[in-house]
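Commentary on secondary and tertiary structure
Chain by chain, the residues run as shown.
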Amino acid sequence: MLAREQIFENHPAPQKAREIATVITNEVGRKWGVINEIIELSQNEPLSKSSMLLRASLRVCAYLVYFERKNPYHLVNLIRNFILGKTREGLLKRLFFVLRKIEKFKGGSVKSFEDYAFWYQFFPRWAARKMVEEFGQEEALRLMEEMNKLPFMTVRANTKRITPEKLLFTFKEKYRFDGELVDYPFVKLAKVYPVMRTDEYEEGLFSIQDKNTAVGVLELVKLLPESSCVLDACAAPGRKSSLIAQERPDVELFCVDISRSRLDKLVREFERLKFERPLLVAADASLLPFKGGFDAVVADLPCSGSGTWGKHPERKWFTSSERYKECVLVQKKILGELSGFVKPSGYLLYSTCSIWREENEEMVDWFLGRYLGFKLLKMERIPPENASTGFFYAILQKL
Ligand SMILES: C[S@@+](CC[C@H](N)C(=O)[O-])C[C@H]1O[C@@H](n2cnc3c(N)ncnc32)[C@H](O)[C@@H]1O
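For clarity, every value in this text was computed on a predicted model and none was experimentally measured.

What to know about the domain arrangement of the chain
- You can read the domains of the chain as domain 1 (31-104), domain 2 (113-147), domain 3 (153-208) and domain 4 (211-398).
- Taking only C-alpha atoms, the centre of domain 1 and the centre of domain 4 are 44 Å apart.

Here you go:
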């Protein structure tokens, strides 16, 4: 994972400039669709008609002029002096012309909740509509507000090598990172610090993981008998499987993922943490090339990712209202296949980082209706808070 602070890590600009660039990049991503609409309404022309360079300059400057009330004249001069030089005078003139119009833009009209969600919460209208359908208007608004808060981060202490208390102490004393202890074995840091640049990360003393995404695995490991065999069917890059290895070193782990390059990341993560390498197979989990019965199967499946819009606010603009439907089809195929790999009395842990019911509660209902030999032990939806990941998990047991 690339921490936000690392986007400009190797840029020669001074630290302060890099921090400002990071904030601007985040905010342009969060408000992407709104910025595009402001530009198109102001210039009376689709953005696709502009060159790539003009589009990029327009988006950044439109954000600065409309949301930060910066002066178009100063901005264009800055770009002329420091970035483009005089050779792009035509582009700069056009930029200035549109920015002057944006300066006078009074805001979009709000005739519905979806318009409000678009102009003031920076959510695509389709997403606002779907959130209201699923949760009602009040909860939809609360979720949007939570996703728009500044993110904190959680890291997982590698408890085989350091306690969460010692890790927190080191962060505070050595790096001046502000934080606190939260649910074992996590440490919550007040903001997104460049933790990957610390010696302790290099030495494998912690992993970066949103604590919400660990809850299902932490519940599962409590149920596993001694020396269990566990199949993690969509395992890469290995956050959940490394948590199993950490909490239950007695477990024999079998990790599958369709992507070889992501499995390589899993291997590097296990090496960094100094954990024993699990058995690995690069394969499609909806058509596994082996047979077997496992004490537990972990199905942390590909999903629409709508629960990650707080951490990655730009993602909601680069997906569609139909995306979850494709995911539901894949999830059904994989779950169907995995149902045959759970031993009698064994467990199936299903999880997603989606907030949509179709990928969560409805998927569990579908599974229980179709594969009659399973019962539901536990199901939990963890909503996103302060831009944390919205997560869902269900633990089922084969009878
Ligand atoms: C949500 S991520 C898994 C994250 C992982 N469990 C963790 O905690 O780090 C979903 C993973 O499913 C993999 N995947 C997608 N389609 C798959 C398939 N048909 N079979 C196996 N893996 C698949 C992706 O490559 C991706 O690594």
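Quick word on helix 9 (residues 164-175)
- When the terminal C-alpha atoms of helix 9 are compared, their 16 Å separation across twelve residues agrees well with the 16 Å that a helix rising 1.5 Å per residue should span.
- Buried within helix 9 are the following residues: Pro164, Leu167, Leu168 and Phe171. Taken end-on, helix 9 shows its buried residues confined to a sector of 100°, consistent with a single buried face. The exposed set on the far side of helix 9, more than 90 degrees from its buried face, consists of Glu165, Glu173 and Lys174.
- Against the buried residues of helix 9 lie strand 1 (153-157), strand 2 (179-181), strand 3 (186-189) and strand 4 (206-208).
- Within two residues after helix 9, Arg176 carries a phi angle of roughly 60°, on the positive side.

Quick notes on the site of the ligand
- The local shell around the ligand holds 18 residues, among which Cys234, Arg239, Lys240, Ala285 and Asp300 are the closest.
- If you list the elements that add at least two residues to the shell around the ligand, you get helix 12 (239-247) and strand 6 (252-257).
- The residue inventory of the shell around the ligand, partitioned by class, reads nine nonpolar, three polar and six charged.

Considering the nonpolar core
- Within the largest apolar cluster, 52 residues are counted, with the highest numbers of intra-cluster contacts made by Ala233, Val297, Ala299 and Leu349.
- When sequence neighbours within four positions are dropped, the list of residues in contact with Ala233 reads Val256, Ala285, Val297, Val298, Ala299, Ile334 and Leu338.

Some words on the sheet that holds strand 8 (residues 294-300)
- Taken together, seven strands build an open sheet; the order of strands is 7-6-5-8-9-11-10 and the sheet is mixed. Edge strands, defined here as strands with exactly one partner in the open sheet, are strand 7 (279-282) and strand 10 (374-382). Averaged over all pairs of adjacent strands, the angle between their axes in this sheet comes to 15°, without regard to strand direction.
- Relative to the sheet, helix 14 (residues 323-339) contacts strand 8 and strand 9 (342-352), its axis offset from that of strand 8 by approximately 175°.

Details of the pairing of strand 9
- The element strand 9 is extensively covered by neighbouring structure, given that eight of its eleven residues are classed as buried.
- Direction of pairing for strand 8 relative to strand 9: parallel, over a ladder of six bridges. Directly across from Ala299, in strand 9, lies its bridge partner Tyr350.
- Read from strand 8 through helix 14 to strand 9, the crossover connection turns out right-handed.
- The pairing of strand 9 with strand 11 (residues 391-398) spans six bridges and is classified as antiparallel. Counted as the bridge partner of Leu349 is Ile395 from strand 11.

Quick look at the environment of Arg272
- Within the secondary structure layout, Arg272 lies in helix 13 (residues 260-273).
- Residue Arg272 is classed as partly exposed on the basis of its C-beta count, with 16 C-beta atoms lying within 10 Å.
- Measuring from C-alpha to C-alpha, the distance between Arg272 and Leu189 comes to 21 Å, with 83 residues separating the pair along the chain.

What about the pairing of strand 5 (residues 229-232)?
- Where strand 5 meets strand 6, four bridges bridge the pair, whose relative direction is parallel. Within strand 6, the position partnered with Val230 by the bridge is Leu253.
- As for the winding sense of the linkage, the β-α-β connection from strand 5 through helix 12 to strand 6 is right-handed.
- In this sheet, strand 8 lies alongside strand 5 in parallel orientation, the contact comprising three bridges. Within the sheet, the bridge partner assigned to Leu231 lies in strand 8 and is Val297.

Looking at helix 14
- Compared with the 24 Å implied by 1.5 Å per residue over 17 residues, the 24 Å span of helix 14 between its first and last C-alpha is a close match.
- Among the residues making up helix 14, those that are buried are Tyr324, Cys327, Gln331, Ile334, Leu335 and Leu338. Angular distribution of buried residues about the axis of helix 14 spans 100°; they occupy a single face of the element. In this structure, helix 14 carries Glu326 and Leu329 as exposed residues pointing more than 90 degrees from its buried face.
- At its buried positions, helix 14 is contacted by strand 8, strand 9 and helix 15 (361-370).

Notes on the packing of helix 2 (residues 32-43) against helix 3 (residues 52-67)
- Taken N-terminus to C-terminus, the directions of helix 2 and helix 3 make an angle of 90°; their axes are 10 Å apart at the nearest point. By the angle class used here, helix 2 and helix 3 are roughly perpendicular. Between helix 2, through Ile35, Ile38 and Ile39, and helix 3, the contact on the second element is made entirely by Leu58, Arg59, Ala62, Tyr63 and Tyr66.
- Grouping the amino acids of the contact of helix 2 with helix 3 by side-chain chemistry returns seven nonpolar, no polar and one charged.

The rules behind these values
Residues numbered from 1 in each chain as written. Predicted model: local features only at pLDDT ≥ 70, side-chain atom pairs only at ≥ 80, totals over all residues. Domains from an automatic or database assignment. Helix = DSSP H or I, 4+ residues; strand = E, 2+ residues; numbered from the N terminus. Expected span 1.5 Å × (residues − 1). Buried ≥ 20, exposed ≤ 12 C-beta atoms within 10 Å, placed from the backbone. Arc of directions from axis to C-beta. Contact = placed C-beta atoms within 7 Å. Near = placed C-beta within 6 Å. Nonpolar A, V, L, I, M, F, W, Y, C, P; charged D, E, K, R; others polar. Core = buried A, V, L, I, M, F, W, Y, C linked by C-beta atoms within 7 Å. Pairing = 2+ DSSP bridges. Axes fitted to C-alpha atoms, helices over the stretch in contact; angles between N-to-C directions. Right-handed = clockwise from strand over helix to strand, strands pointing away. Parallel < 35°, antiparallel > 145°, perpendicular 65-115°, else oblique.

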